[in-house]
Amino acid sequence: MNNKTTGRSGFSSSFGVLAATLGSAVGLGNIWKFPSLTGANGGAGFLLVYLLATLAIGLPVMIAEITLGRAAKANPITTLQTLSPRKSLPWWLVGAGGMLAAFLILSFYSEVVAWVFAYVFKAIGGSILSSDRQVTEAAFGALIGDPLQSLLWQWGVLVLIGGILLMGVTKGIEGITKKLMPVLFLLLLLLCAVSLTLPKVAEGIAFLFKPDFSKITAGVILTAMGLAFFKLSLGMGTMMTYGSYFRDDQNIPATTVRVMLADLFVSMLAGIAIFPAVFSFGFAPSAGPSLVFITIPAVFSQIPGGQLLMIAFFALASVAATGAMLSMMEVPVVILHERFGMSRTKATVLTIAVLVVMGSSCALTNNVLADFKLFGMNIFDLFDFASSNVLLPLGGIAVALFVGWVWGRENFQRALSNQGALHNAAVTGVVFFLLRYVSPLLILVVMLKGLGLF
Ligand code: PHE
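Residues numbered from 1 in each chain as written. Predicted model: local features only at pLDDT ≥ 70, side-chain atom pairs only at ≥ 80, totals over all residues. Heavy atoms only, no water.

Asker: Explain the overall build of the protein chain to me, please; I cannot follow it from the model alone.
Answerer: When helices and strands are counted, the protein chain shows 18 helices and zero strands. Taken over C-alpha atoms, the radius of gyration comes to 21 Å for the protein chain, in line with the 22 Å a tight globule of 454 residues would show. The dimensions of the protein chain, computed from C-alpha atoms along their principal axes, are 60 × 45 × 40 Å. The buried share of the protein chain, reckoned over its 454 residues, is 59%. When contacts within the protein chain are restricted to residue pairs at least 6 apart in sequence, long-range pairs at least 24 apart make up 81% of them. Just so you have it, the protein chain exposes about 16,800 Å², and 69% of that area is on carbon and sulfur atoms. Each charge class in the protein chain was averaged separately, 26 positive and 17 negative side chains, and the resulting centres sit 10 Å apart. (Helix = DSSP H or I, 4+ residues; strand = E, 2+ residues; numbered from the N terminus. Rg over C-alpha atoms; globule rule 2.2 N^0.38 Å. Buried < 20%, exposed > 50% of the residue type's maximum accessible area, 1.4 Å probe, protein only. Contact = heavy atoms within 4.5 Å. Areas by Shrake-Rupley, 256 points an atom, 1.4 Å probe, with all protein chains shown as cover. Lys, Arg positive; Asp, Glu negative; His and termini not counted. Charge placed at Lys NZ, Arg CZ, Asp CG, Glu CD.)

Written out as structure tokens, the structure is:
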């Protein structure tokens, strides 16, 4: 639907807003990154820090981004420039940093989506369905170790997502996510039910919920905070862009809390589906990025109809990943379109072209470029680290500071209360306090400590 005053496209219904925002938040961050990182960082302690980061930092920053976007109804660069009273300050850097983060994340994310897509077809073939660790590990190893397969699946994913974006904001994003999100919830619930019948369910659940505080280091805290940003699509302009498509009567705090809870719920379901299986079949919780891909086939091998369910699982993961990728691509596309005067088609094609080149380095990380390291990390890990643990938190600091110290309490309150229509002064007050004092400082300290800078 086109906005009458600005002529820009926007989301057409309140449910559409929720579905699309949730579509951005819920993705491989929940199904792949959350279990891998929780497993690699000691389980429940990490989960607890992640929860705290989500509440103290994620929620306020998310509310801030959406509110700014809706107030300016523009891309992230224009948003901060129009809302800033002092035009001389380089707020456009936030948009530029967001664009860089989008390209870095999409480069490795599109490769993980490629694995997910490949697994849908492998599941149809049935060859990876086994409870034997060696079989599932070998199947995953064969996929990521093959440069041609890795590249072709990734390019296929990029072209597919580009095609959806070319259909336009409302029809493309809203239409697809609205239909597919409910299916995703149902399928995950089913997976959990299966996993809870496995022999070592108690060990898996204890790993996920009984904290061992000795595992929490500054690096772990930074990773947990980075995950909070990543999972809620914060710090790179995605939520600001989506905010610009929000309706003026949408209740932003209520929508945000719902998205956060639903996102958390999906992650917990993924954790409950995976960890009992990890222990029951003798996998290492710390397997990292491969965890989901080697564990899930083992779970499904145990149950009648497992092959069909596995096809469903990976199809579901592709759906979740598609919503998230669409929202990430929207950032460079809308900036190129609105700031650099390109048509949406041209902007989308250029974004895809850049990603084919940058993303290829991630597709080749586990094969041709396996020994290539920068700062002690391979390219895939480096792109992940630089985006989640550096760029997104920096973006978060900037957004919090902008609202807290530049845009100011009055503007924030007016926008968040829908020009006074909502009586939420108390909520606004708390969020504003967090944005002005707590979030920026907390993010900065966690970042500097986690990076070993002080
Ligand atoms: N939140 C998405 C996920 O969990 C990833 C994402 C990050 C999307 C940043 C947009 C922006 O998979």
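Asker: Please explain the packing of helix 15 (residues 344-363) against helix 16 (residues 379-407) as it appears in this structure.
Answerer: The packing of two helices is summarised by the inter-axis angle and the distance between the axes. Contact pair helix 15 / helix 16: the axes reach a minimum separation of 7 Å and the direction vectors enclose 120°. On the basis of the axis angle, helix 15 is oblique to helix 16. Contacts from Met-358, Ser-361 and Cys-362 in helix 15 reach Ile-379, Phe-380 and Phe-383 in helix 16. When its residues are assigned to classes, the contact of helix 15 with helix 16 shows five nonpolar, one polar and no charged. (Axes fitted to C-alpha atoms, helices over the stretch in contact; angles between N-to-C directions. Parallel < 35°, antiparallel > 145°, perpendicular 65-115°, else oblique. Nonpolar A, V, L, I, M, F, W, Y, C, P; charged D, E, K, R; others polar.)

Asker: Mind showing me how you'd approach the site of the ligand here?
Answerer: For the ligand, the set of nearby residues contains 15 residues, the closest of which are Ala-25, Gly-29, Tyr-109, Phe-230 and Lys-231. One of the backbone N or O atoms of Lys-231 is found 3.0 Å from a nitrogen atom in the ligand. In isolation the ligand exposes 320 Å². Once the protein is present, 100% of that is buried. At the level of secondary structure, the elements contributing two or more residues to the shell around the ligand comprise helix 1 (14-25), helix 2 (28-40), helix 10 (218-231) and helix 14 (306-339). Within the shell around the ligand, the residues separate by chemical class into seven nonpolar, seven polar and one charged. (Near = heavy atom within 4 Å. Polar contact = N/O pair within 3.5 Å; in protein donor to acceptor, adjacent residues only side chain to side chain.)

Asker: Is there a simple way to explain the confidence of the model for the protein chain in this structure?
Answerer: Note that predicted coordinates carrying low pLDDT should not be read in detail. Confidence along the protein chain averages 89 in pLDDT terms, with 95% of residues attaining 70 or more. Below a pLDDT of 50 lies the segment residues 1-5, which in the model reaches 10 contacts outside its immediate sequence neighbourhood of four places, other chains included. (pLDDT = per-residue confidence, 0-100.)

Asker: Is there a simple way to explain unusual backbone geometry in this structure?
Answerer: A negative phi holds for most residues other than glycine; trans holds for most peptide bonds. The phi angle at Ser-233 is positive, at roughly 55°, despite the residue not being glycine. Structurally, the position occupied by Ser-233 is in the loop between helix 10 and helix 11 (238-244). For Ser-233, a relative accessible area of 8% puts it in the buried group. We note that Phe-375 has phi near 50°; this positive angle belongs to a residue other than glycine.

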